[in-house]
Amino acid sequence: MALSDKLSGLLPGLFPQRRKRRQEKEGGFLAQLETSRVIAFGIFFLTVASIVVISFVGIHPAGFQILPNQYANVRIIASSQFSYESRLLTERKREEIIEQTPPVYSIVFTPLEQFERHIQALIGDLETLEEENLLREPDALLDTAEAFNARGSYRLSLNDLDTLTRWGNAEDRRTLLETGLFFLREIYREGVFDRRGSLLGTDLGDGSLVFINEDGRITQRRIQSLDNALVFLRINLSAENIPPAVATAMFRLFSQGLTTNLLWDPEATRAARRANLAGLQPEIVTVAEGRSIIEPGTRVTPEQHEMLLAYQEHLAQVSRVVTGLDAQLIGRVLLVLGMVMAAVFYIRLEDRATLSSNTRLGLLVLVVVGNLLAVRLCFELGILPYFLENFALGGIVPYAAPVVLAPLIVAILIGIGPALFTALLVSLFTAVIFGNRLDLLVISFLSATVAVFCCRHIRRRGKVVTAGFWAGLTVAVAAFLLGLADQIPLLTIGKQMVAGQASGLVTAIVVIGLLPILEGLFKRTTDITLLELSDYNHPLLRRMQLEAPGTYHHSLMVGSLSENAANGIGANALLCRVCCMFHDIGKMVKPEYFAENQRGGANPHDEKSPSFSALVIKSHVKEGVDLALTHKLPRPVIDVIRQHHGTSLIYYFYHRARENERLSQGAQAGDASGQDSSSVSESTYRYDGPRPQSRESGIILLADSIEAASRSLQKVTPQSVRELVENITEDRIRDGQLDECPLTLADLNTIRESFIRTLFNSLHSRLAYPSKEKEKKESREPATPAAEDKTRAPAGSRS
């Protein structure tokens, strides 16, 4: 143990222990893992294998959600023989039995009984008239006819009644009238229907066999129409041994008592149908192995859909053991391999930083595979028995799949370009999982594109929910239009729309919860996090305002310069502003050693050696990294803290060290020859670096140097500001500080012009306003000749 450590343990007041500074754990091994091509190839093959397993393994075409009347996009063939009970065919047979069961009728004798009573009353009236010798009186006969007609809707005329009374005696008339009633009873017993009417829509003809309910006993009988019954009545009356006039009068009288008496008996009909249905057996359909269940490009009929559901149940019950290699597996692997290769080429063209970083590749693969896994879980949910039995609910599962999960995360954490390709990749394999559905591919890609579009410049977490809402609305509208085109029931369309809208909102909420976790795991920083860090009430910024106010003002000015320059070249302006706010937080450890915080007081560097002063100045970088790690600042901010000076030379103290050496040693012979024999090491006075690695770091390095140097300008003019900016920029370029950042000469020219414009506007001067005491003093003093000369001088100069 060192002596200082022992003394600090014994006398902590006199020898305080040095605070241990936190350092980044960036060993060579971790750096190799970040850029290792072996790891990259491993990620590539892991991606291919994961997508193959998720999108193909264990998925049978029978599991695809297809609704009746939809166009099928896939051929489904029975892999083994199975049988099922067809509810559709059984119901169809049931309907056929019901249709084939003839209606049952009942014969009603109530009209006949009523007419018999009225005829018996007429016979009694005629016998009374005969007893009273009024049978030949017209008025008495008229009263008798009217009395008979009043008993019912009859039209017995006086002439017909007179004809009947003039034939035979009372006994003959009674016999004749009872014979007419006998004929009516025979007709009623057979059953009479009216051809002009309809009996339950049944087309009956003369002599038709119908089922008659006779006191609960069903019998079959032939019936006749009302017209034929009248003919039968006329013929039978004419066959009696009576004059034609009497036969005609009898027909006119008894035809009024003839009406339809065949009525439909609903209870007996239902009983007959139940009796016939009692022997109904379920229709069993046997599907042979290799039989086509669904054909692509055709509308799915209800029978095909029922067969598909039965096939799904059959596969769920039978444990299928795969023996040997699936013949289609090679083709599927090639498909996935081709898509992933296309993704690699796209990333190489549009976002090479992602391709060179295994962390970014890991993030991209994780969200894509995770998204496809969530889609696969939705597919597995849709083939559960509950959803198979309720196929209307099963039809909403594809629209509830969270296809915008990965595109949203990639758009926020990596960029818009990779997010669009991610959307295409997820949409393609989502369509594959749900049965090569082209409509689902288009809907998924469209909704994901809308979500990515809404996340272009996202700076608030609430905007993620907005993106999810518009993505869900896109799915809902597409489901509505496609549902109408496929003639899907409106209730099912409504459920699909609700599922699509809910999926977008829920996915957005999940993304908001996952963003902080993914940012920490993969060291990514979103604009949302940067905007939260820009709050001036951050503990480090509040502390800087109190302990190092000059540094705080310097950081704000550097942030203004950097933000405007970044906007000019299309870099991340928000990242520049936030990084500038924290880039000098290390100066809070020893703020008095930096000129902006000395406020015209004593300079502690006057009592220190140049090497010690340079060490203190350089240490603010490491101290800043320590504070950033302590307060868990994002990786880009820490990178800027480390890189904002690069390996530049602390020229003031380096020059001072050279001067001190020259004064102490005097001129040497080597100086005359023009050779530099100084023992001052330049590396002692250079920052440890690294040099800027990004455009934002390069901008901040230039802005930091230029803002600090601008404080030494004696006179602010456009020319002086331009010379300052150009000299410092050229000096940093010659020193190689920008060699490792991707800034082009065009970018540097734009940055210079932005610095000149912003710096000149911020360093503008104001007119000096005279104080009131000075005005009063001058007003009390008398004017002197010298003062008069001074007042006249400007006038003379103008001339």
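Residues numbered from 1 in each chain as written. Predicted model: local features only at pLDDT ≥ 70, side-chain atom pairs only at ≥ 80, totals over all residues. Heavy atoms only, no water.

Draft legend 1. Fine view of the overall build of the protein. Within the protein one finds 36 helices and 10 strands. Out of the 799 residues belonging to the protein, those deemed buried represent 44%. When contacts within the protein are restricted to residue pairs at least 6 apart in sequence, long-range pairs at least 24 apart make up 78% of them. (Helix = DSSP H or I, 4+ residues; strand = E, 2+ residues; numbered from the N terminus. Buried < 20%, exposed > 50% of the residue type's maximum accessible area, 1.4 Å probe, protein only. Contact = heavy atoms within 4.5 Å.)

Draft legend 2. Broad picture of the packing of aromatic side chains. Counted under the stated rule, the structure contains 12 aromatic pairs. A centroid spacing of 5.3 Å and a plane angle of 25° characterise the contact between F82 and Y311, whose relative ring orientation is stacked. Of the two residues, F82 is situated in strand β2 (residues 82-86) and Y311 in helix α12 (residues 302-317); the sequence distance between them amounts to 229 residues. The pair F82 / Y311 is uniform in exposure class, with both members buried. (Phe/Tyr/Trp six-rings, centres within 6.5 Å; stacked < 30°, edge-to-face > 60°.)

Draft legend 3. Molecular detail of helix α19 (residues 405-413). Taking burial as the measure, the 9 residues of α19 include 9 buried ones, the bulk of the element. Packing partners of the buried residues in α19 comprise α15 (358-382), α20 (416-433), α21 (438-454), α22 (462-485) and α23 (490-522).

Draft legend 4. The confidence of the model for the protein, seen in detail. With 84% of its residues at a pLDDT of 70 or more, the protein has an overall mean of 82. This model gives residues 1-18 a pLDDT under 50, and the stretch forms 4 contacts once residues within four places in sequence are excluded. Predicted confidence for residues 782-799 stays below pLDDT 50, and this span has 1 contact to residues more than four positions away or in other chains. (pLDDT = per-residue confidence, 0-100.)

Draft legend 5. Molecular detail of the packing of α21 against α22. Running from amino to carboxyl end, α21 crosses α22 at an angle of 155°, the nearest separation of the two axes being 8 Å. Between α21 and α22, the crossing angle belongs to the class labelled roughly antiparallel. The crossing of α21 and α22 is right-handed. Each of D439, I443, L446, S447, V450, A451 and C454 in α21 lies in contact with α22, whose residues at this interface are K463, A467, W470, A471, T474, V475, A478 and L482. A per-class count over the contact of α21 with α22 returns 11 nonpolar, 2 polar and 2 charged. (Axes fitted to C-alpha atoms, helices over the stretch in contact; angles between N-to-C directions. Parallel < 35°, antiparallel > 145°, perpendicular 65-115°, else oblique. Left-handed = near helix turned anticlockwise from the far one by under 90°. Nonpolar A, V, L, I, M, F, W, Y, C, P; charged D, E, K, R; others polar.)

Draft legend 6. Structural detail: unusual backbone geometry. Look at the link from G689 to P690: it is a cis peptide, with omega at 5°. Here P690 shows up in the loop between α31 (669-672) and α32 (695-710). Of note in the backbone geometry, K523 takes a positive phi value of approximately 55° without being a glycine. Not every positive phi belongs to a glycine, and K632 is a case in point at roughly 55°. Inspection of the secondary structure assignment puts K632 in the loop between α28 (610-630) and α29 (635-643).

Draft legend 7. Expanded view of the nonpolar core. Counting residues in each nonpolar core, the largest one holds 63 residues, and the members touching the most others are V336, V367, F434 and V511. By residue number, the principal contributor to this core is α15, which donates 11 residues. (Core = buried A, V, L, I, M, F, W, Y, C linked by side-chain atoms within 4.5 Å.)

Draft legend 8. Spatial organisation of the pattern of salt bridges. Across all of its chains, the model carries 30 salt bridges by this definition. The closest approach of N and O atoms between R174 and E127, which form a salt bridge, is 2.6 Å. Here R174, found in helix α8 (residues 170-190), pairs with E127, found in helix α5 (residues 110-131); they are 47 residues apart in sequence, far enough to count as distant. Among the residues examined, E127 registers a relative accessible area of 25% and is labelled partly exposed. D584 serves as the salt-bridge partner of K587, at 3.2 Å between the closest nitrogen and oxygen. (Salt bridge = Lys/Arg side-chain N within 4 Å of Asp/Glu carboxyl O.)

Draft legend 9. Local environment of a nonpolar patch on the surface. Nonpolar side chains collect at one region of the surface, where V477, F480, L481, L484 and L490 lie side by side and expose about 480 Å² of accessible area between them. When residues of the nonpolar patch are assigned to their parent elements, the largest contribution, 4 residues, is made by α22. Residue position: L484 is located in helix α22. Note on L484: relative accessible area 44%, which makes it partly exposed. (Patch = residues over 30% accessible without salt bridge, like charges linked within 9 Å, V, L, I, M, F, W, Y side chains within 5 Å. Areas by Shrake-Rupley, 256 points an atom, 1.4 Å probe, with all protein chains shown as cover.)

Draft legend 10. Highlighting the state of the cysteines. Under the counting rule described, the total for this entry stands at 0 disulfides. The closest cysteine sulfur to the non-disulfide-bonded C454 is located on C455, 6.7 Å from its own sulfur. Here C579 is not disulfide-linked; the sulfur of C576 is the nearest cysteine sulfur, at 7.0 Å. Given a relative accessible area of 0%, C579 falls into the buried group. (Disulfide = S-S within 2.5 Å.)

Draft legend 11. Expanded view of a negative patch on the surface. Together, E137, D139, D143 and E146 line one region of the surface with negative charge. Residue placement: E146 occurs in helix α6 (residues 138-150). (Lys, Arg positive; Asp, Glu negative; His and termini not counted. Charge placed at Lys NZ, Arg CZ, Asp CG, Glu CD.)

Draft legend 12. Local environment of the packing of helix α27 (residues 573-582) against α29. Between α27 and α29, the least distance of the axes is 9 Å, while the angle of their chain directions is 60°. By the criterion of interaxial angle, the relationship of α27 to α29 is oblique. Relative to α29, α27 is oriented so that their crossing is right-handed. Across the interface between the two elements, L575, C579 and F582 from α27 touch P636, V637, V640 and I641 from α29. Looking at side-chain class alone, the contact of α27 with α29 contains 7 nonpolar, no polar and no charged residues.

Draft legend 13. Summary view of α27. Taking burial as the measure, the 10 residues of α27 include 9 buried ones, the bulk of the element. For α27, every residue scored as buried is listed here: A573, L574, L575, C576, V578, C579, C580, M581 and F582. Elements that come into contact with the buried residues of α27 comprise α24 (527-533), α25 (539-547), α26 (549-569), α29 and α32. For α27, the side-chain oxygen to backbone nitrogen distance between the N-cap and L574 is 3.3 Å, and the N-cap itself is N572. (Polar contact = N/O pair within 3.5 Å; in protein donor to acceptor, adjacent residues only side chain to side chain.)

Draft legend 14. Representation of the environment of E116. With respect to the helices and strands, the residue E116 is situated in helix α5. By relative accessible area, which is 17% here, E116 ends up buried. The sequence separation of E116 and F182 amounts to 66 residues, and the corresponding C-alpha distance is 9.9 Å. Contact partners of E116, with chain neighbours within four places excluded, come to L181 and R185.

Draft legend 15. Representation of the environment of L531 within the structure. Note on placement: L531 falls in helix α24. In the structure, L531 is positioned 46 residues away from R577 in sequence and 9.7 Å away in space, judged by C-alpha atoms.

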